[in-house]
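Breakdown of the fold
Residue-level listing of the chains:
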Amino acid sequence: MCRRLHLYCLALVLLLPAPLWALEFNMPVGVTDTSQSIFNLHMTIFYICLAIAVVVFGVMLWSIYHHRKSRGHEAAQFHGNILVEVIWTTIPFLILVAIAIPSTITLGDLYDASESDIDIQVTGHQWKWHYKYIGEDVDFFSVLATPREEIENRKKKNPNYLLEVDNPVVVPVHKKIRFLFTSNDVIHAWWVPDLAIKKDAIPGFINESWTRINEPGLYRGQCAELCGKHHAFMPIEVKAVSESEYEAWLADQKAAQKAAMAAADKDWSMDELVKTGAGVYEKNCAACHQADGSGMPPTFPPLDGSSIVQGDKLEHMKVVVNGRVDKGMPAFGKQLTAVDIAAAITYERNSWSNKTGDMVTPAEVQDLMDKQ
Amino acid sequence: MKHWLKPSSPSGLMLIVVLMFGFGFALVPLYDVFCEVTGLNGKTNGAYQGDMNVQAANSDRIITVQFVANRNDNLPWEFSPQQEEIKLAVGAHKKTYFSVNNSYDRAVVAQAIPSVSPPQAADYLNKIECFCFQQQPLEAGEAKQFPLVFFIDPALPEDISKLTLSYTLFDISERDASGGD
Amino acid sequence: MSAHAETLHHGPAKGFSRWILTTNHKDIGTLYLVFSLIMLFIGGTMAFVIRAELFQPGLQLVMPEFFNQMTTMHGLIMIFGAVMPAFVGLANWQVPLMIGAPDMALPRLNNFSFWILPFAFTMLLSTLFMPGGAPNFGWTFYAPLSTTYAPPSVTFFVFAVHMMGISSILGAINVIVTIFNMRAPGMKMMDLPLFVWTWLITAFLLIAVMPVLAAVVTMVLMDVHFGTSFFSAAGGGDPVLFQHVFWFFAHPEVYIMVLPAFGVISEIIPTFARKPLFGYRAMVLATASIAFLSFIVWAHHMFTVGMPLAGELFFMYTTMLIAVPTGVKVFNWISTMFKGSMTFETPMLFAIAFIVLFTIGGLSGLMLAIAPADFQYHDTYFVVAHFHYVLVPGSVFGIIAGVYYWLPKWTGKMYDEKLGQWHFWLSFIGVNLTFFPMHFVGLAGMPRRIPDYALQFADFNMLTSLGAFLFGTTQLLFVYILVKTVRSGKPAEQLPWEGARGLEWSVPTPAPYHTFTTPPELDKE
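What you are looking at is a predicted structure, and each value in this text was computed from that prediction instead of being measured. (Residues numbered from 1 in each chain as written. Chains lettered and ligands numbered in written order. Predicted model: local features only at pLDDT ≥ 70, side-chain atom pairs only at ≥ 80, totals over all residues.)

Thoughts on the overall build of chain A
The criterion, for reference: Secondary structure elements follow DSSP: runs of H or I of four or more residues count as helices, runs of E of two or more count as strands, with numbering from the N terminus. C-alpha atoms define the radius of gyration in this analysis, and the globule rule sets the expected value at 2.2 Å times the number of residues to the power 0.38. Comment: burial labels come from other C-beta atoms within 10 Å of the residue's own C-beta, placed from the backbone, where a count of 20 or more is buried, 12 or fewer is exposed, and between is partly exposed. Residues are scored as being in contact if the C-beta atoms we place from backbone atoms lie within 7 Å.
A tally of regular secondary structure across chain A gives 12 helices and 10 strands. For chain A, whose C-alpha radius of gyration is 29 Å, the value lies well above the compact-globule estimate of 21 Å for 372 residues. By principal-axis analysis of the C-alpha atoms, chain A measures approximately 95 × 55 × 35 Å. For chain A, buried positions account for 41% of its 372 residues. Restricting the contact set of chain A to residue pairs at least 6 apart, pairs at least 24 apart contribute 63%.

Topic: the sheet that holds strand S5 (residues 108–117) of chain B
All names here are of chain B. As a reminder of what qualifies: Whether two strands pair depends on DSSP finding at least two bridges between them. Only C-alpha atoms enter the line fits that serve as axes; for helices the fit covers just the stretch in contact. Angles between N-to-C directions range over 0 to 180 degrees.
Ordered by their spatial adjacency, 5 strands build an open sheet running S3-S1-S9-S5-S7, and the pairing between neighbours is mixed. With one partner strand each, in any of the chains shown, strand S3 (85–89) and strand S7 (136–138) form the two edges of the open sheet. For this sheet, the mean angle separating the axes of adjacent strands, direction not counted, is 30 degrees. As defined by bridge partners, S5 adjoins strand S9 (residues 162–171) across 8 bridges and the pair is classed as antiparallel. Among the inter-strand pairings, Val-116 is bridged to a residue of S9, identified as Leu-165.

Focus on the interface of chain B and chain C
Stated precisely, the cut-off is as follows: The residue classification treats Ala, Val, Leu, Ile, Met, Phe, Trp, Tyr, Cys and Pro as nonpolar and Asp, Glu, Lys and Arg as charged. All others, Gly included, are polar.
On the side of chain C, 27 residues touch chain B, which itself brings 27 residues to the contact. Elements represented by at least two residues in the side of chain B that touches chain C include exactly helix H1 (10–38), S5 and S9 of chain B. Element by element, the count of residues in the side of chain B that touches chain C is highest for H1 of chain B, at 13 residues. Of the residues in the side of chain B that touches chain C, the class split is 16 nonpolar, 9 polar and 2 charged.

Section: the nonpolar core
In plain terms, the rule: A set of buried Ala, Val, Leu, Ile, Met, Phe, Trp, Tyr and Cys residues, joined through C-beta atoms within 7 Å, is what we mean by a nonpolar core.
Judged by nonpolar contacts, the single largest core of 305 residues is most densely connected at Ile-207, Val-216, Ile-265, Phe-354 and Ala-401 of chain C. With 23 residues, the single largest contributor to this core is helix H7 (residues 194–225) of chain C. If sequence neighbours within four positions are ignored, Phe-354 of chain C has contacts with Ala-261, Ile-265, Pro-393, Gly-394, Phe-397, Gly-398 and Ala-401 of chain C. Ranked by size, the runner-up nonpolar core spans 23 residues in total, among them Cys-285, Val-321, Ala-344 and Val-360 of chain A.

What to know about the domain arrangement of chain A
Cut-off, in case you're wondering: Note that domain bounds follow an automatic or database assignment of domains.
What the domain assignment reports for chain A is domain 1 (27–110), domain 2 (118–259) and domain 3 (264–371). Measuring from the centre of the C-alpha atoms in domain 1 of chain A to the corresponding centre in domain 3 of chain A gives 60 Å.

Focus on the sheet that holds strand S2 (residues 77–81) of chain B
All names here are of chain B. Strand order in this open sheet of 4 strands is S2-S4-S8-S6, and the pairing throughout is antiparallel. Unpaired on one side and paired on the other, S2 and strand S6 (125–130) mark the two borders of the sheet. Adjacent strand axes in the sheet meet at a mean angle of 25 degrees, parallel and antiparallel pairs treated alike. Two strands pair when backbone bridges link them, and S6 and strand S8 (residues 143–152) are joined in this way by 5 bridges, in the antiparallel orientation. Among the inter-strand pairings, Leu-125 is bridged to a residue of S8, identified as Ile-152.

Considering the interface of chain C and chain A
Residue-level contacts link 83 residues of chain C with 85 residues of chain A. Put simply, the parts of the chain that give the side of chain C that touches chain A at least two residues each are helix H4 (64–99), helix H8 (239–256), helix H10 (280–293), helix H11 (309–321), helix H12 (323–337), helix H13 (346–369), helix H14 (371–377) and helix H16 (417–444) of chain C. For the side of chain C that touches chain A, the leading source of residues is H16 of chain C, giving 11 residues.

As C-alpha cells, this is what we get:
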C-alpha cells in the first residue's frame, strides 16, 4: 500500500513542473549588450546547476531504487575515503572558477566609466519617480497611470496593469545614457529588466548606472526595494526612440513646460477646473487621502468635511503648495503646475460633502508660488 | 588562561557576547574609515587641507563636472545649481554658486550632504570652500547664494572624464532645536 | 547524599506549575517545540493572508499597508518564533541524551531563556493592534523606512527583538557549556554525534551575531528616539551602513537556521540506510567552514547598493566558495545512502526531500551569488523562491524529520506511519507547488513584497497560492498525528529504528524524566 502511495505521489510530483517548463518564463534577454551578456551568464550557470542536479539526484535516485532493504540489499559498511573527499572538493571548486571568469568579465563591463552622451537624474519619491535631464532644463514626475477602478477590481484590468505611467522617460537608442539615482525619502530601487539595470536610490547619496539601448521600444519596470505602502504602485516606463525623435520630444517638453506657465494665465471655468482636478487628485492625492476623500486617519487626514478644505482658500493653497513636511504631506508646488494645483484644490473644495462653491484659479496659485 | 575566561565557561561566553555587541557599534567608525578609503557612496572629504597650487594652464585634461541639487523629503526650499554643467581642467580652482530660497513661512535650518558619482572620483574632488561644511539657517522667505570652491586632483583616474557632485538638503530644524543630541 | 538521591528519583511536578518552574531539559525541550509549533501556525496564518491577497491581481482582501505588516511579521515570527526555538527545543531534548549528560549545564538559565520568548512574541504581536499598525518595513527593517518613516510600534519591535536575542544567546551559552563540560567520560570531541557538532557550531554563530543584531536595533532605537544619526545622511550617517551591520548579523543567521537541520539529517540518513555516516570528519570540517565563510559574505545581499567593483568581486567570490563545503555535505549524505539497505519511513522521507530541495535552494543560491546576474534576480520572487527552498523544505523539513525520528523515544509511542506518509507527500507536493513557480515569476520580473502585480504573473501566483493553502492545511494533519501519537499511539520499542545508533537509544522508552544520572559507559569500537 505504502509503495503504491509512493509511486503515485512521485509520478505526480515529476509531472507537476511539466506545464511550467512548457511556458517561456525566463529572464528577459533585454535590449542592451549588457543585458544580453547577463542573460547568457544566467543561462550558463543555470545549465551548470541543472547538470549538477541531474548527476547528484541521479546517483541518489539510482541508489534509492537499488539499495533498498525491500529488494534485499545488504548494507555495506564503508564510512569514509579521503581521496573521494578531495575529489569532490576539487571538482566543484574548478566549476566555480569556470563560472567566476565570465562573471568577472561581465561585471567589469558594467563598471565601464567612459563618457556618456546623456545624463538623467532619477529621484525616487514615495511613490513616484522624478526624471531630470541634466543640462537640458527638462524634468518631470512619472506617476502610475493605472486607474484606481482597475486596482479595486471595479473595471477590467488592461494589459499593462500596474506597469504604465503618465510620463515615460524618453531616451535615444545607440547612445550611452548615464542614470544617476538618488532618493527624496526612503530607499527605492530603479529596475528595468530589459535594460538589466537595478540600482538602489538612497537618500542623500547618488549612485550611477549606464545603458546603451539597441532597439527602439517601450520597456517597463518597477521599484524593487520595499519603500512603504505603495511600493507596488510606482512603475517605470522607458521609451527608446531614434535620435531625431528624441530631439523632437525634448523640444516638445521644453515647449510644454513653457506652455504650462502660460496656461496659468488663461481664464479657467469652474467646470474645467473640477474636471481637470479630478484627474490630478486621483493621481497625486487619492493614494493617501483616498478617492472618496475619507483619508486614513490618523496618518492621512480625511479631506471630506476637513476644516482646511472648507475653510480659507489661501490656507488650503498654502498647505498644498508648501506641504506639511512634519506630517508627510509633500510640497506640491515643486511637483505640479499651477494649473494642476488650482484644479485639484477646486475639485477638493467641491466634492463629496464639501460644497464651498468657490474656485481657485491657476493665476492665484501662480501668484502664491511667485510671492514665495 | 584564567578558567573563567575560557570560551567553554558561561562567563567567557558572556564576554564574547559583550565584545560582539561592542563590535556592532564599532562597525560605525570602521565603516566611515572604509568609505573614506574606497570613496564608497561617493562620500567626499572635508575641507581641503593640502597646499596644491597647480593651475589650469598646466594641464589640458578637461573634466566635465555636473551639479545636482536635491531636497530631501520635499524640503520647501528652492535649491538649484547656478550652472548644471561646467568643464574645467584638472587642478584648476573653480568657484560656483547654488541658489537657495526658503519658500516656507518659517525659518528652517538645513544641512547639505554631498555625494560624488562615480564613487571612485570622490577622493579627487577637493573642496576648498563649501556651504556643506556648516548648517545653513534661512529665515522665512530668505534667498541666498551658497558658494562652492573646488578643484579636481590631477591624479583622477584616467578613465573618468565626467563626474557628478550632488547635494541633498536635509531639514534639520527639529534636530537643531533639540540641541542636536 | 540524601538530597541528591531525592532529586534523582522524583518525577515531574504536578499541575501547571511544572511547566513554569521546570528546569528539566526534556520539559523545556517540549515547551520550546510546542511554542514553535504555535508560532508556525501564527506565522502560517499570515502567509495565508499574503497568499490570499496575491491569489489574483488587484486589491481584494487587505490594504497595502496591512499587507506590508503581514510580510514583516510573517518573516519575524517564522525566523525568530518558529525555526530558531524549534532547534533549541531539539537541542534541549537531544544534546544531553546524545552526549550522556543528565541535563543541560545551566538548568535555571534554561528555564529563563525559554520563558522570555512568550513575552517577546506577545509584545511583537500586540503591535498589530497599535495605532499606525505593526512594523511594516520588512523583516530586514532597512533604514530610513524603519527609522524616520516607521510607525510608532517600531519601539516595541526593537524591545521584542532584544528579548528574542537574549533568549537565543542564553540558550546558545547553555548548549556550548553543556557540550564542553558534560560529555560522558571518554567521549572526545570527534566522537560527538553530528547533530551535537552542528549545534555547537550554531551556538557559536549565535553568540557571535545575535549581539550584532542587538547593536543594530539599538541604533535604530537611538535614531528614532534620541536624535542620533547612525542611519540618516542628514546628521552624517548613512542608510547603507544599516545594511552592512544588519547583514553582518543576518547572513550567519541564515546558517544558524540550517546547520542544526544538517545535523538532524546526518543522524537520520545513516539510521535508515543502516550504514554509518560517510565522511564524519569531512562533515564536521564542512560545517565549520560554512560557519566561518558566513562571516565574510554578507554584502552579497547588497550587490545593487552601489559598491566599488573590488567589493562586488570579493563578495561574489567568497559567496561562491560556500558552495564547496555545502556540496561536500550533500555528497557525503548521498554516499551514506549509496550501497545501504534503505527503508523509507516518514523521517527518512523528509530527510531525502531535505537533501533534494535544499540542494535546489543551494543551486539557486549559487546563481544569486553571481553579482551581474544578481542585478536581475535581486529583490524579486526568485530570491523569495530561493530562501523559502532553503528554509521550508530545508530547515522546517529538517525539524519535522527530527520530530518524527525522536518522537517514539520522547513519548514512548509510535506515530501512525500511514498518516506520516500522507503528511510527507502532501507537504512535499504543497511545498513545491508553492515555491517552484516563484522562480519563474521572479525571473519574469515580479518584485518581492508587493500586494498587487502585473497580469502576466497571474497564473503562477494562483498556482503558488493553491500550493500554499495545501501546504498550510497539511500541517494541521501534523498536529493531528502528534496528538494521536501522544494520546493513543502504539507503544514504541526500546529501539524503534532498526539501524539507529547512539546514546539516546540506550535509555528506556519513553525516556524517563531523569536520564544518565550516572554517566554511561561508552563501548569502544
